[in-house]
Amino acid sequence: MHKPGTGWWVFVLGMILTAGVILWPGREGVVEAVSGQRTLLFTVWGMPFEDLLFRDRYARGFERERPDVHIDYQRYNNDIVMKYNAWHARGKSADVMRLRITDYHGMARRGMLQRLDALPGEGGVSEPLTPADLEEIPRHLRDLLVVEGPQGRGIYGIPQDNAQYGLFHNKSIFEAYNRDHPGEEIAAPTERWTWDDLRDAARRISTWSRERGGEEIRGFDCAVWSWPFMTFFAQAGGRAWGEDGSCTLDVGEAGPEALRLLRQLVEDGSFAPQLSGYMSGTGPDALFARGRTALFMDGSWRIADFDRNAQGLSYAVTPLPRGPERLGGRSAIVSGCVMWGVGVHSEHRDDAMAMLRYLTRPEQAIEYWDTLRVAPPANLAAMRSERFRSTRGVLKDQEDPSKGYEIAPMPRERFEERAAWLLYGVTPDPSTGAPPAFVPVGPFQTELEEEISRMLNEYLKPGSRVDAREAVDRAARNVRGVMERAEGR
């Protein structure tokens, strides 16, 4: 008999791994046969401790409200979109699913999601969404919900949260600098800061650190990825996608302006970007946690981590600086969003719609913040509530509090320094009527963000002679090339 070679085992392993992605996980047939309940497959991604929210509070809570429904709860890792696509190819889908807004538009256009604002005769549900259901969703998120899909132009998902990018500052460093410079103090950041204020404070603190010797303190730091660029790009008046879905990254001077600001921070000696990735424990977040950085740009998800792992760190978070006055002083805050959707292949769409409504109530929205504290809920009523001003945290061991927290709590007295800034992002600017927060989305958003990261690594590397205009034009051409190949042109 021929002995199978290595290639055979590779084939078998590949089949097993493929099956792990594609095979349908639900157990609804067994459950319904035994209990007579209707079963909904509820899919999320996240860490094991997040079961406390998604399974114990959301899934079990909905079951208590609807005893005739059983929730088959499934938590996956970050490859969940691959599963959604594979299941859809087989005519399957989760009933209620968690998804990112950067995947939302593509999933809706490919017919993977159930339209939520239409009646059954239009391919919808028996109790569709109404304008009243959308009133408490922040405007910048509400504006992104309408998508052209196989069931017509409408709403195919509802936001759960709205992670925001903010400006962290080390209060101890500012206090030490101001003690050494009476009469020339640097005021703490506010939402009125501009690029000039950011650059001036970072340069002065960096210079002071070098002159006094000892452990170096950076004036400014951030991870090198798409969000810092998209922040400054929007503040300079840029938009990456046109109304027709075309890439407009290279239109106007916003792109070069954003790149030049980042290079100026490097040339000032304020910013030493870690290019092409970094090892855990040595990145910008770790340096800020160790008191080595004065001003640091990062997301709302970082705060609970600092509060748990860097308890001696004295810091506060404020909205991002505005663009310079010469560019109109625009306020723009890059943000992200996670959503809830109903799978188009659901056999119990009305039950799934009822669960989606349950998940997006203010009381459930605030549970998300209270438990995980990674992002504010996408619900203005929840953000206005007193419960938004403190959180309970998540213990590592529910039976033994002495083991500490998995997610640190936020006492009420920390609200102003840790979370008040998030309200600014969703509050309409009186002069424009639009909130500062925005979510960068487009037909090829992932490809655009990858191209921006490559552009930054090339432009910011030591000794780079790449011109800012040349760098932006090249990135835009590369994105258009991807789009053309995808469209078969």
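Nothing here was measured: the structure is a model prediction, and the numbers come from that model.

Novice: Honestly, the packing of aromatic side chains in this entry has me stumped. Any pointers?
Specialist: Two aromatic rings are characterised by how far apart their centres lie and by the angle between their planes. Enumeration according to the criterion identifies 27 aromatic pairs in this entry. Aromatic side chains Tyr58 and Trp340 sit 6.4 Å apart centroid to centroid with 75° between the ring planes, which places their arrangement in the edge-to-face category. Of this pair, Tyr58 sits in helix α3 (residues 51-65) while Trp340 sits in strand β12 (residues 338-342), and the two are 282 residues apart along the sequence. By relative accessible area, which is 1% here, Tyr58 ends up buried. Owing to a relative accessible area of 1%, Trp340 belongs among the buried residues under this scheme. Ring centres 4.7 Å apart and planes at 35° place the aromatic pair Trp369 and Phe388 in the tilted group. Here Trp369, found in helix α15 (residues 362-372), pairs with Phe388, found in the loop between α16 (380-384) and β13 (394-395); they are 19 residues apart in sequence, far enough to count as distant. Members of the aromatic cluster, each reached through a chain of ring pairs, are Phe42, Phe54, Tyr58, Tyr73 and Trp340. The lysine or arginine in question, Arg100, covers the ring of Trp45, its NZ or CZ lying 4.3 Å from the ring centre.

Novice: Would you explain the pairing of strand β7 (residues 165-170) in this entry?
Specialist: Within a regular strand, side chains alternate between the sheet's two faces. Most of β7 is tucked away: six of the six residues are buried. On β7, burial covers both faces: Tyr165, Leu167 and His169 on one face and Gly166, Phe168 and Asn170 on the other are all buried. Across four bridges, β7 lies against strand β10 (residues 315-318) in antiparallel orientation. Counterpart to Leu167 in the pairing with β10 is Thr318.

Novice: Got a minute to help me understand the pattern of salt bridges in this structure?
Specialist: Pairing between side chains becomes possible if they bear opposite charge and their charged atoms approach one another. Inspection of the entire model under this criterion finds 45 salt bridges. Where Arg218 meets Asp221, a salt bridge forms, and the shortest distance between an N and an O atom there is 2.8 Å. Considered together, Arg218 and Asp221 belong to a single accessibility category, that of buried residues. When salt bridges that share partners are traced, they join Arg57, Glu367, Asp370, Arg387 and Arg392 into one network.

Novice: Just checking my understanding: could you explain the sheet that holds strand β9 (residues 293-299) for this structure?
Specialist: Strand pairing in a sheet is mediated by backbone hydrogen bonds. Such pairs are either parallel or antiparallel. Strand order in the open sheet formed by four strands is β8-β9-β7-β10, and the pairing between neighbours is mixed. Of all strands in the sheet, those bounded by a partner on one side alone are β8 (218-222) and β10. Direction aside, the axes of adjacent strands within the sheet are offset by 20° on average. The pairing of β8 with β9 spans four bridges and is parallel. Residue pairing for β9: Arg218 is matched across the bridge by Thr293.

Novice: Can you walk me through the sheet that holds strand β2 (residues 69-76) in this structure?
Specialist: Strand order across the open sheet formed by five strands is β2-β1-β3-β12-β6, with mixed pairing between neighbours. Each end of this open sheet is capped by a strand with a single partner; those strands are β2 and β6 (158-159). Bridging between strand β1 (residues 38-45) and β2 involves eight bridges; their strand directions are parallel. Bridge assignment links Trp45 to a residue of β2, and that residue is Tyr76.

Novice: Explanation requested: unusual backbone geometry in the structure shown.
Specialist: Even without being glycine, Arg373 reaches a positive phi, approximately 50°. Within the secondary structure, Arg373 is located in the loop between α15 and α16. Owing to a relative accessible area of 1%, Arg373 belongs among the buried residues under this scheme.

Novice: I would appreciate a short explanation of empty space enclosed by the protein in the present structure.
Specialist: Counted under the stated rule, the structure contains one cavity of 30 Å³ or more. Here the largest cavity is characterised by a volume of approximately 30 Å³. Lining of the largest cavity is provided by Cys222, Ala223, Val224, Trp225, Pro228, Leu262, Phe271, Leu456 and Leu460. Of the residues assigned to the lining of the largest cavity, the class counts are nine nonpolar, no polar and no charged.

Novice: Looking at this structure, I do not really get helix α11 (residues 254-267). What am I missing?
Specialist: Since the α-helix packs 3.6 residues into each turn, any two residues three or four apart lie on the same face. Taking 1.5 Å of rise per residue, the 14 residues of α11 would be expected to cover 20 Å, and the 20 Å separating its terminal C-alpha atoms lies within 8% of that figure. Extensive coverage of α11 is indicated by the burial of 10 of its 14 residues. Where α11 is concerned, the buried positions are Ala254, Gly255, Pro256, Glu257, Ala258, Leu259, Leu261, Leu262, Arg263 and Leu265. Buried residues belonging to α11 abut α9 (195-212), β8, α10 (226-235), α19 (445-459) and α20 (468-486). Positive phi shows up at Gly269, right after α11, with a value of about 85°.

Novice: How should α9 be read in this particular structure?
Specialist: Over its 18 residues, α9 extends 26 Å from the first C-alpha to the last, a length consistent with the 26 Å expected when each residue adds 1.5 Å. Those residues of α9 that fall on the buried side of the exposure criterion are Trp195, Leu198, Ala201, Ala202, Ile205, Ser206, Trp208 and Ser209. Buried residues along α9 sit against β7, α8 (171-180), β8, α10, α11 and β9. Phi turns positive, to about 75°, at Gly213, one or two residues after α9.

Novice: Where do I start with the environment of Arg66 in this structure?
Specialist: Within the secondary structure, Arg66 sits in the loop between α3 and β2. Not counting residues within four places of it along the chain, the set of residues in contact with Arg66 comprises Arg38, Asp351 and Ala354. In this structure the side chain of Arg66 is engaged in a polar contact, spanning 2.8 Å, whose partner is the side chain of Asp351.

What counts, and at which threshold
- Each residue is numbered by its place in its chain's sequence as written, counting from 1.
- Whole-chain, interface and lining totals are the exception, using all residues; otherwise, since this is a predicted model, local features are given only for residues with pLDDT of at least 70 and side-chain atom pairs are given and counted only at 80 or more.
- Water and hydrogen atoms were dropped before computing side-chain values, which therefore reflect all heavy atoms in the structure.
- Each Phe, Tyr or Trp ring (for Trp, its six-membered ring) is paired with any other whose centre lies within 6.5 Å, and the angle between the two planes then decides the class: stacked below 30 degrees, edge-to-face above 60, tilted in between.
- Secondary structure is summarised from DSSP: a helix means a run of H or I of at least four residues, a strand means a run of E of at least two, and numbering begins at the N terminus for each.
- Burial classification: accessible surface area is computed with a 1.4 Å probe over protein chains only, and a residue below 20% of its type maximum counts as buried, one above 50% as exposed, and the rest as partly exposed.
- Criterion for a charge above a ring: Lys NZ or Arg CZ within 6 Å of the ring centre, and within 35 degrees of the ring normal.
- Here a strand pair is declared whenever DSSP counts at least two bridges between the two strands.
- By convention in these notes, a salt bridge is any Lys or Arg side-chain nitrogen within 4 Å of a carboxyl oxygen on Asp or Glu.
- Structural elements are reduced to axes, namely lines fitted to C-alpha atoms, with helices fitted over the stretch in contact, and the angle between N-to-C directions of any two is expressed from 0 to 180 degrees.
- Using a 1 Å grid laid over the protein atoms alone, points where a 1.4 Å probe fits but cannot get out form a cavity; open sets with protein on both sides within 12 Å along at least 5 of 7 lines form a pocket; any residue with an atom within 4 Å of a point counts as lining.
- Grid points are joined across faces, edges and corners, and a volume is the space filled by probe spheres set on the points.
- Gly is put with the polar residues, along with every residue not named as nonpolar or charged; the nonpolar set is Ala, Val, Leu, Ile, Met, Phe, Trp, Tyr, Cys and Pro, and the charged set is Asp, Glu, Lys and Arg.
- Expected span, for any helix, means 1.5 Å times one less than how many residues it has.
- When checking whether two residues touch, look at their non-hydrogen atoms; a contact exists if any pair is within 4.5 Å.
- A 3.5 Å cut-off defines polar contacts: any pair of N or O atoms within that distance qualifies, except that in protein one atom must be a possible hydrogen donor and the other a possible acceptor, and neighbouring residues in sequence count only when both atoms are side-chain atoms.

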